[in-house]
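One-letter residues, chain by chain:
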4 protein chains.
Amino acid sequence: MPISLDHLNAAPAPEFVAALGEIFEHAPWVAEAVTSQRPFATVTALHAAMINAVRASPAETQIGFLRGHPDLAGKAARAGDIAEASKSEQAGLGLDRLSDADYDEMLRLNTAYTEKFGFPFIVCVRRKTRVAVIADFVRRIGNDRTAELNAALGEIGYITRLRLADAVTGPGMPDVAGHLSTHVLDSYHGQPAGDVAITLFEIGREGERTALKVTRTNDNGRTDEPLLHGGPLRAGQYELLFEIGDYFRTRGVKLPDQPFLDDVVLRFGIDAPEGRYHVPLVATPWSYSTYRGS
Amino acid sequence: MPISLDHLNAAPAPEFVAALGEIFEHAPWVAEAVTSQRPFATVTALHAAMINAVRASPAETQIGFLRGHPDLAGKAARAGDIAEASKSEQAGLGLDRLSDADYDEMLRLNTAYTEKFGFPFIVCVRRKTRVAVIADFVRRIGNDRTAELNAALGEIGYITRLRLADAVTGPGMPDVAGHLSTHVLDSYHGQPAGDVAITLFEIGREGERTALKVTRTNDNGRTDEPLLHGGPLRAGQYELLFEIGDYFRTRGVKLPDQPFLDDVVLRFGIDAPEGRYHVPLVATPWSYSTYRGS
Amino acid sequence: MPISLDHLNAAPAPEFVAALGEIFEHAPWVAEAVTSQRPFATVTALHAAMINAVRASPAETQIGFLRGHPDLAGKAARAGDIAEASKSEQAGLGLDRLSDADYDEMLRLNTAYTEKFGFPFIVCVRRKTRVAVIADFVRRIGNDRTAELNAALGEIGYITRLRLADAVTGPGMPDVAGHLSTHVLDSYHGQPAGDVAITLFEIGREGERTALKVTRTNDNGRTDEPLLHGGPLRAGQYELLFEIGDYFRTRGVKLPDQPFLDDVVLRFGIDAPEGRYHVPLVATPWSYSTYRGS
Amino acid sequence: MPISLDHLNAAPAPEFVAALGEIFEHAPWVAEAVTSQRPFATVTALHAAMINAVRASPAETQIGFLRGHPDLAGKAARAGDIAEASKSEQAGLGLDRLSDADYDEMLRLNTAYTEKFGFPFIVCVRRKTRVAVIADFVRRIGNDRTAELNAALGEIGYITRLRLADAVTGPGMPDVAGHLSTHVLDSYHGQPAGDVAITLFEIGREGERTALKVTRTNDNGRTDEPLLHGGPLRAGQYELLFEIGDYFRTRGVKLPDQPFLDDVVLRFGIDAPEGRYHVPLVATPWSYSTYRGS
């Protein structure tokens, strides 16, 4: 159950610390450091204060704090021996049930990273697909130490902002939700394309597809619910498949036995987890176009 | 080595029949029937005359002729016990090396078809992908006998036209070649997109892709050679993959870590094996369109 | 001031007739005929009842009623000698201040029409541009009498529905409003195009343009207000001009001295006055597309 | 009649100078200066040598040469008192028959320019529309003297290259011809749009249109001849009008009384007179797109 910001602003210091002590992994001192800055006008201001406390702390404190984080998909995660929030975050990406080969690769990456930087690889896993997490891992191992320390603290910012948004209610909530939507226009008849079957896939490392959503357009050519919403989008690669051949056949358009367009596939990337992505399809039986819309 | 139409027009009847006796499977009587109609002005006229001879023959002759054809992917094909032309035609589609499961399905279809119609399923396999051949098989089993007899003779027409085009040279060659091409336009810079990597895939029964061609665009945004040409196209479903993200990155356009467009996929069908299909891509890093061009 | 439907339902019969007597031109008998059918649940039901009263009346009554209408842009209109509603409706289209040449043409059309059908040409001028009204006039003179009587009563339906919507408030108001909107997408940067200058023109008989609206897009690439709304659209031909060259230059895109695209013009027609028309522009400095959207 | 390069290479010096003395306005010394450099392998090399002779001459010689040019649309042009080539070049743009107001404006520009730079405004009028010439005039008056001297010599290069291409034949002719073409695709039927009426307009200073070409597409959706070719294109603004409503109606597509698309207008600019411009239209009755093609 989230606690209200008002309550936290008025609560005795120990209660405040108890409530927010786990937002920063194994680091109740971050909550302690901002206790005296209360009251906070907004949840966003509270988060900013906590981040500033980390950034203002001595280098060895920061490193110690980073070291308190579990390895990504590491032994601790397999054994379930990590903070509750970390557990569910890693599980959301399937990092707690890797194949042995993937686990071995993670182990190699974790070892190489920790040897180079002296702290574990930290990434906000709720903002990326598994492929993107691994790509990031590989890329960041190439950083120099200063850049990487900064990158790690940046990810801490994303992680704790999401945890805070889950834990506290009140004015000025940080905007942590992205939005993916679509829209199908039928330019053969000059009207929205209703009742078009749509499947949204996430694209995996070897190009394999995992269906995230199966839906149909309504009379306005849109979906009743956004395709993805309610939290950050996972940066990564996706595919939308539109069964446009069936749509035209159902409306009496005579298509060849092998239709020129049958299942139309739009492959696209999401880069900004808190962004708005609108990916429309404008189609006839013989042509289509798409673009990043709004 | 093809023989010239002039030579065939002037040759003694037995030589003419010997040369063309196998164009119609195990049916030298078709060549015999048109011997006296020589000279033929064009190869197309020769083919039309032979087809007319079949269509004008008594029903039992036609059925007997159809019965002379091997089962598609049947025991005879596995054992190599069919006419040379049939052998290479079926092999072109991999029908001589089916998995046991696929072989069993073919057996079931062949049995069902032959029981219903009294002759084997005949299809011009050089004009279809394997998926399209099987789809056709399933569909045609639903025909009534008159429609199906007509369909079978139509396929005979396609088969023998191709065999004749291989065997004879001369004026008025039938047009048996289709054509698939593409063209990439870069609407970010307003110019043809050169050096774009392109892969053409055939789409299999379970959606699996088989690469048919890997190429790159030239300075005009076209490929030096058509993607497919020189013979009939195989009716079926295809995919073109354009590595457009790499193209824009190489030209210094700054793309996000997860580009909105990276590999663009156009999935399309070919219905007319002798048709011209032009499938262009007009793209920016944020939009693209395609259409059946010319 | 509109009167509420509740009030009209409860009012004494003479008050009801006084309030609605002029909805049908010089024909208070229509209101009288439906007095006893009160109460009406919706304004739409009231309108339907009044139309039914006209359609159910004897042929000579109907013709008499039609004859009570003024000539379009006729002497009476010039002299101001017509019902108030007719006056402002005709003035809205500039039919009260025609050039002499146009007035003469109208006179010829009115004479030809009245001679053929025995009643004046009636059209709901609030639903068409002047060009479309004249095109309709010319077309309808070619009708046979039955078709034309029906066409005239159909237009009476549109005219009185609009008058009723102005005069009465209450549940179930008829939907008399169309909607025209636009949206500019910048596919060079992958974002909505804000601050684009847009002019909407009506296209006249000789292709001349009359500016109806000058506006700019907001940060979402849309206009704060719809381009047209609040009443029926006028069926006719329009142009939208987008100053897209200026837009790209302002954002630092280097364009040639003579830009490939500078002012983009979309010419389109509106056919359904109560329809929703969305006419988006998806553009780069080198390409654009539009479609009837939703 | 053009003279062959071979002939000029072998001719006595006086004949060479006589033949090319007027290529550079009133400046036979340019031809004289390159006589001894013969033989020239290509016409392009001959032109380059002549330009180099001008660029290598002392400043006062260059200025004197520039002063030998007539005012653009000036008194001399009105009186016909200029070199034959200049006369037809200026006439091609209608600069010899300006309205009095336009003539007065030209006079003001010429006076202002000559006062500032000490030589008349020189522009290759065969490479620009009248609007573009005037825009250039206004823009170049803002240059500093060095930049403007360079601009004037650049225009001399264009003028003399065209004169040389007219006067001499031989290997290595300079490429002075641009190319404008179009192509209409019907994405409703998935085929080229044949027999579409097309008009090409030049856009004037007040937006007025001058029809340059009226044509129709052939079965391939292209025009038999390019829209413009055979010489430099005039940099400026143009419009292509496609009667696409008629096209679809003729093919039995039922359109509304006020078609959404009837005459489609593409307004575009040409910047590179020697460039290739392909401006295709991909259309349905409800959508269209265009792009700079190739």
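Here the structure is a predicted model, which is why all the values come from computation and not from measurement.

## A word on the packing of aromatic side chains
Working step 1: The tally for this structure, following the rule as stated, stands at 56 aromatic pairs over all chains.
Working step 2: Judged by centre distance (5.0 Å) and plane angle (70°), the ring pair of Tyr-247 of chain A and Phe-248 of chain A falls under edge-to-face. Neither residue differs from the other here; Tyr-247 of chain A and Phe-248 of chain A are each classed as buried.
Working step 3: Between Phe-260 of chain C and Phe-268 of chain D the ring centres are 6.1 Å apart and the planes differ by 45°, which places this aromatic pair in the tilted class. With Phe-260 of chain C in the loop between helix H11 (244-250) and strand S8 (263-270) and Phe-268 of chain D in strand S8 (residues 263-270), this residue pair bridges two chains.
Working step 4: When its relative accessible area of 3% is taken as the criterion, Phe-260 of chain C is described as buried.
Working step 5: Clustering of aromatic rings is evident, with ring pairs tying together Tyr-188, Tyr-247 and Phe-248 of chain A together with Tyr-188, Tyr-247 and Phe-248 of chain D.
Working step 6: In this arrangement the basic side chain of Arg-127 of chain C is found over the ring face of Tyr-158 of chain C, its NZ or CZ atom lying 3.5 Å from the centre.
Working step 7: The cationic tip of Arg-292 of chain C hangs over the ring face of Tyr-277 of chain C; the distance from NZ or CZ to the ring centre is 3.9 Å.

## A few points about the environment of Val-34 of chain B
All names here are of chain B.
Working step 1: By secondary structure assignment, the location of Val-34 is in helix H3 (residues 28-34).
Working step 2: Taking the relative accessible area as the measure of exposure, Val-34 reaches 0% and is therefore buried.
Working step 3: Taking C-alpha positions, Val-34 is 29 Å from Leu-72, a pair spaced 38 residues apart along the chain.
Working step 4: Apart from residues no more than four positions distant in its own chain, Val-34 is found in contact with Phe-16, Phe-40, Leu-46, Ala-49, Met-50 and Ala-53.

## Here we look at the interface of chain A and chain B
Working step 1: Taken together, the contact pairs 31 residues of chain A with 31 residues of chain B.
Working step 2: Taken over both partners, the interface formed by chain A and chain B buries close to 2,500 Å², and the fraction arising from carbon and sulfur atoms is 53%.
Working step 3: The largest contributions to the chain A side of the interface with chain B come from Gln-258, Phe-260 and Arg-267 of chain A, which together make up 30% of the buried area.
Working step 4: Between the two partners, chain A and chain B, sit 0 salt bridges.

## A short note on helix H4 (residues 43-56) of chain A
Residues and elements named next belong to chain A.
Working step 1: For H4, which comprises 14 residues, the first-to-last C-alpha distance of 20 Å matches the rise-based estimate of 20 Å (1.5 Å per residue) to within 8%.
Working step 2: Taken together, the buried positions of H4 are Val-43, Leu-46, His-47, Ala-49, Met-50, Ile-51, Ala-53 and Val-54.
Working step 3: Residues of H4 that are buried make contact with helix H1 (5-10), helix H2 (13-20), helix H3 (28-34), helix H5 (59-67), helix H10 (145-167) and strand S2 (168-169).

## As for the domain arrangement of chain A
Reports often express the size of an interface as the amount of accessible area lost when the parts come together.
All names here are of chain A.
Working step 1: Assigned domains of chain A: these are domain 1 (3-169) and domain 2 (179-289).
Working step 2: Relative placement of domain 1 and domain 2: their C-alpha centres are 35 Å apart.
Working step 3: Both faces combined, the contact of domain 1 with domain 2 buries some 1,000 Å², and carbon together with sulfur accounts for 50% of it.
Working step 4: Connecting domain 1 to domain 2 are 3 salt bridges.
Working step 5: Here Glu-105 and Arg-205 are joined by a salt bridge, their closest N and O atoms 2.8 Å apart.
Working step 6: Counting the contacts that link domain 1 with domain 2 gives 7 residue pairs in polar contact (both at pLDDT 80 or more).
Working step 7: Counting only elements with at least two residues in the side of domain 1 that touches domain 2, the list comes to helix H9 (130-141) and H10.
Working step 8: No other element matches the 4 residues that H9 contributes to the side of domain 1 that touches domain 2.
Working step 9: Taken together, the residues that form the side of domain 1 that touches domain 2 break down as 6 nonpolar, 2 polar and 6 charged.

## A closer look at the relation of the copies chain C and chain D
Working step 1: Overlaying chain C with chain D gives an RMSD of 0.1 Å, the required rotation being 180° about an axis along which the chain moves by 0.0 Å. Taken together, these values place the two copies in the relation of a two-fold axis. Residues of chain C ranked by C-alpha distance from the rotation axis are headed by Ser-289 of chain C, positioned 2.0 Å from it.
Working step 2: Most of the interface of chain C is mirrored in chain D, where 100% of its interface residues again form contacts.

## Digging into the interface of chain C and chain D
Working step 1: Each side of the interface is counted separately: chain C has 31 residues, and chain D has 31 residues.
Working step 2: Around 2,500 Å² of area is buried between chain C and chain D when both sides are counted, 52% of it from carbon and sulfur atoms.
Working step 3: Broken down residue by residue, the surface that chain C buries against chain D is led by Gln-258, Phe-260 and Arg-267 of chain C, which jointly contribute 30%.
Working step 4: Summed over the shared surface of chain C and chain D, the result is 0 salt bridges.
Working step 5: Linking chain C to chain D there are 16 residue pairs in polar contact (both at pLDDT 80 or more).

## Structural notes on the pattern of salt bridges
Working step 1: Here the structure, examined in full by the defined rule, presents 60 salt bridges over all chains.
Working step 2: Close ionic contact of Glu-25 of chain B with Arg-163 of chain B constitutes a salt bridge, the shortest N to O distance being 2.9 Å. Pair noted here: Glu-25 of chain B is in the loop between helix H2 (13-20) and H3 and Arg-163 of chain B is in helix H10 (residues 145-167), with a separation of 138 residues, a long-range link.
Working step 3: The exposure class of Arg-163 of chain B is buried, given its relative accessible area of 8%.
Working step 4: Among the salt bridges present, the one from Asp-136 of chain D reaches Lys-128 of chain D, with a minimum N-O distance of 3.7 Å. Pair check on accessibility: Asp-136 of chain D and Lys-128 of chain D agree, each one buried.
Working step 5: The network of salt bridges with common partners includes Lys-128, Asp-136, Arg-139, Arg-140 and Glu-148 of chain A.

## Overview of the packing of helix H4 (residues 43-56) of chain C against helix H10 (residues 145-167) of chain C
All names here are of chain C.
Working step 1: In contact at an axis separation of 10 Å, H4 and H10 are set at 150° when each is read in the N-to-C sense. Considering only the axes of H4 and H10, their crossing is right-handed. Only Asn-150, Leu-153, Gly-154, Gly-157, Thr-160, Arg-161 and Leu-164 of H10 make contact with H4, whose side of the interface consists of Val-43, Leu-46, His-47, Ile-51, Val-54 and Arg-55.
Working step 2: Among the residues forming the contact of H4 with H10, the class breakdown is 6 nonpolar, 5 polar and 2 charged.

## Some thoughts on the pairing of strand S10 (residues 287-291) of chain B
Working step 1: With 5 of 5 residues buried, S10 of chain B lies mostly within the body of the structure.
Working step 2: What you see with S10 of chain B is no split at all: Ser-287, Ser-289 and Tyr-291 of chain B on one side and Tyr-288 and Thr-290 of chain B on the other are buried throughout.
Working step 3: Relative to S10 of chain B, strand S10 (residues 287-291) of chain A runs antiparallel, the two sharing 5 bridges. Bridge assignment links Tyr-291 of chain A to a residue of S10 of chain B, and that residue is Ser-287 of chain B.
Working step 4: Pairing geometry for strand S9 (residues 276-284) of chain B and S10 of chain B, over 3 bridges, is antiparallel. Residue pairing across strands places Val-282 of chain B opposite Ser-289 of chain B, the latter belonging to S10 of chain B.
Working step 5: Hairpin connection between S9 of chain B and S10 of chain B: a loop of 2 residues separates the two successive antiparallel strands.

## Considerations on the sheet that holds strand S10 (residues 287-291) of chain D
Strand pairing in a sheet is mediated by backbone hydrogen bonds. Such pairs are either parallel or antiparallel.
Working step 1: Pairing is mixed in the open sheet, where 8 strands are placed in the order S4(C)-S3(C)-S9(C)-S10(C)-S10(D)-S9(D)-S3(D)-S4(D). The open sheet has two free edges, formed respectively by strand S4 (191-192) of chain C together with strand S4 (191-192) of chain D, since each of these has just one partner strand.

## With respect to the side chain of Glu-105 of chain A
All names here are of chain A.
Working step 1: Mapped onto the elements of the fold, Glu-105 is located in helix H8 (residues 100-117).
Working step 2: Using a relative accessible area of 17% as the deciding quantity, one classes Glu-105 as buried.
Working step 3: Beyond its immediate stretch of four places on either side in the chain, Glu-105 contacts Ile-134 and Arg-205.

Calculation rules
Residues numbered from 1 in each chain as written. Chains lettered and ligands numbered in written order. Predicted model: local features only at pLDDT ≥ 70, side-chain atom pairs only at ≥ 80, totals over all residues. Heavy atoms only, no water. Phe/Tyr/Trp six-rings, centres within 6.5 Å; stacked < 30°, edge-to-face > 60°. Buried < 20%, exposed > 50% of the residue type's maximum accessible area, 1.4 Å probe, protein only. Helix = DSSP H or I, 4+ residues; strand = E, 2+ residues; numbered from the N terminus. Lys NZ or Arg CZ within 6 Å of the ring centre and 35° of its normal. Contact = heavy atoms within 4.5 Å. Buried area = accessible area lost by both parts, 1.4 Å probe. Salt bridge = Lys/Arg side-chain N within 4 Å of Asp/Glu carboxyl O. Expected span 1.5 Å × (residues − 1). Domains from an automatic or database assignment. Polar contact = N/O pair within 3.5 Å; in protein donor to acceptor, adjacent residues only side chain to side chain. Nonpolar A, V, L, I, M, F, W, Y, C, P; charged D, E, K, R; others polar. Least-squares fit on C-alpha atoms with pLDDT ≥ 70 in both. Axes fitted to C-alpha atoms, helices over the stretch in contact; angles between N-to-C directions. Left-handed = near helix turned anticlockwise from the far one by under 90°. Pairing = 2+ DSSP bridges.

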